[in-house]
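Fold and contact review
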Amino acid sequence: MGAETVTAVQHAKDTTVAVFDKTGTLTLGQMGVVQADILREDVIGTILALVSQDSHPVALAVAGYLRSTYPDIPAVPLSDEVRSFPGKGLEMTINDVQIRGGSPSWLGLQFEADSPYSPMTGKALTMFAVTIHAEMVAFFGLSDKLRPSSVAAVEILQREGIQVHIVSGDARPVVHDIAKQLGIPQERAVGNCLPAEKVAYVRALQASGACVMFVGDGTNDTPALAAADIGVALGSGTDVSRSAADVVFLAPDLARALAAVLRLSRGAVRRMRLNFAWSFIYNLFAVLLSAGALVKVRIVPEYAALGEMVSVVPVILIAWSMWFLRC
């Protein structure tokens, strides 16, 4: 266990605010396309080439939808690598033609009130649009399922007096819908956040005096995980997010894992205090004894070495009792 992890576990008990990413953290990250509008079928292979190179849940879902809906259309061979912009989308160039896919706001798409896409943008769906030379050629609406343990995890934190916030790159209606399901006030659910904005959100909370725990799983959560007082990543997340976190949850049960961290933190600090108290008492007695201050107390020399055992064994037993805090 590294020094950063030890420090995080030690201070987890002081958490006053928990900030969650949405996709893959509070939700399963197993997204599915529920609405799609492809304006030009001749670009399906191009779209498939764009999304097939990325591991983000949105890209995976769109790629899966295209493969199942259009099984006879292969991905177009790439002449350039696909560039990923965390929190925004994807971009590539084929024969000097720029293809971009991502959130409508990043693509600069504005929908009028009478646009056929306006009703979709108002729903609690994750939006993924594709443009070629700034012209929209496809539009997808995706949904995700709430992680079964998310409700219990939020209840545990709120019962402990910890404020719960959501910051996500998803659209505000999606984030607000998840917040409503979890009983989180709307003002603590923020959407359309880029990675830098997540960091700014965490630092603003810290500036107000909060001890912030950030829980995320994606590459775009990495800066916020590093900036938080306690960064927590899911074992199912990306390698980058796990390397930036102080604590990694291997179990999929978010509620059980969070409860274990809080319990472990309190238990560890309590045992450290017990060990310091015992060491102080023992060494005070030992110094007085060796100095001759306790004139009526004498230890036979051949038994004096047992004093070392009396010093060490209680410390070991107190530390070993941490085993009972496991879950």
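Residues numbered from 1 in each chain as written. Predicted model: local features only at pLDDT ≥ 70, side-chain atom pairs only at ≥ 80, totals over all residues. Heavy atoms only, no water.

Regarding its fold elements, the protein chain presents 13 helices and 12 strands. Classification of the 327 residues of the protein chain by burial places 45% in the buried group. Here the analysis covers contacts within the protein chain between residues at least 6 apart in sequence; of these, 62% occur between residues at least 24 apart. Accessible surface computed for the protein chain: about 16800 Å², of which carbon and sulfur atoms make up 58%. (Helix = DSSP H or I, 4+ residues; strand = E, 2+ residues; numbered from the N terminus. Buried < 20%, exposed > 50% of the residue type's maximum accessible area, 1.4 Å probe, protein only. Contact = heavy atoms within 4.5 Å. Areas by Shrake-Rupley, 256 points an atom, 1.4 Å probe, with all protein chains shown as cover.)

The interhelical angle for the contact between helix 3 (residues 44-51) and helix 4 (residues 57-69), taken along N-to-C directions, is 145°, at an axis separation of 9 Å. Seen along the crossing, helix 3 lies across helix 4 with a hand that is left-handed. For the pair helix 3 and helix 4, the contacting residues are Ile 44, Ile 47, Leu 48 and Val 51 in the first and Ala 59, Val 62, Ala 63, Leu 66 and Arg 67 in the second. (Axes fitted to C-alpha atoms, helices over the stretch in contact; angles between N-to-C directions. Left-handed = near helix turned anticlockwise from the far one by under 90°.)

Turning our attention to the pairing of strand 7 (residues 135-143). Most of strand 7 is tucked away: seven of the nine residues are buried. Examined bridge by bridge, strand 2 (residues 32-38) and strand 7 share six bridges and lie antiparallel to one another. The residue of strand 7 that forms the bridge with Ala 36 is Phe 140. Where strand 6 (residues 126-132) meets strand 7, seven bridges bridge the pair, whose relative direction is antiparallel. (Pairing = 2+ DSSP bridges.)

We now examine the pattern of salt bridges. Scanning the model with the defined rule gives seven salt bridges in all. Between Asp 21 and Lys 198 there is a salt bridge, with its nearest N and O atoms 3.2 Å apart. Of this pair, Asp 21 sits in the loop between strand 1 (17-20) and helix 2 (22-26) while Lys 198 is found in helix 9 (residues 195-207), placing the two residues 177 residues apart along the sequence. Of the two residues, Asp 21 and Lys 198, both sit in the buried class. Beyond isolated ion pairs, a larger network of salt bridges with shared partners links Asp 21, Lys 198 and Asp 221. (Salt bridge = Lys/Arg side-chain N within 4 Å of Asp/Glu carboxyl O.)

To continue, consider the environment of Pro 252. Residue placement: Pro 252 occurs in the loop between strand 12 (247-249) and helix 12 (254-290). Leaving out residues up to four positions away in the same chain, Pro 252 has contacts with Arg 147 and Ser 149.

Our next topic: the sheet that holds strand 12. Across the sheet, six strands lie side by side as 9-8-1-10-11-12; this open sheet has parallel pairing. Strands with a single pairing partner mark the edges of an open sheet, and in this sheet they are strand 9 (189-190) and strand 12. Of the pairings in the sheet, the one linking strand 1 to strand 10 (residues 212-216) comprises four bridges and is parallel in character. Bridging across to strand 10, Val 17 finds its partner in Val 212. Contacting strand 1, strand 8 (163-167), strand 9 and strand 10, helix 9 crosses the sheet at an angle of about 160° to strand 10.

Bringing the sheet that holds strand 6 into the picture now. Remark on secondary structure: sheet strands pair via backbone hydrogen bonds, oriented parallel or antiparallel. Ordered by their spatial adjacency, six strands build an open sheet running 2-7-6-5-4-3, and the pairing between neighbours is antiparallel. This sheet does not close on itself; its edge strands, each paired only once, are strand 2 and strand 3 (83-85). The average angle at which neighbouring strand axes cross in this sheet is 15°, direction not considered.

A few words now on the pairing of strand 4 (residues 89-94). The element strand 4 is largely enclosed, with a buried count of five among its six residues. As paired strands, strand 3 and strand 4 are joined by three bridges and run antiparallel to one another. Pairing of Phe 85 across the sheet is with Gly 89, part of strand 4. Hairpin connection from strand 3 to strand 4: three residues lie between these consecutive antiparallel strands, with Gly 87 at a positive phi of about 80°. Relative to strand 5 (residues 97-102), strand 4 runs antiparallel, the two sharing six bridges. Paired with Glu 91 across the strands is Arg 100, a residue of strand 5.

Mapped onto the elements of the fold, Ser 103 is located in the loop between strand 5 and helix 5 (104-107). Sequence-distant contacts of Ser 103, that is, excluding residues within four places in its chain, are made with Lys 88 and Met 127.

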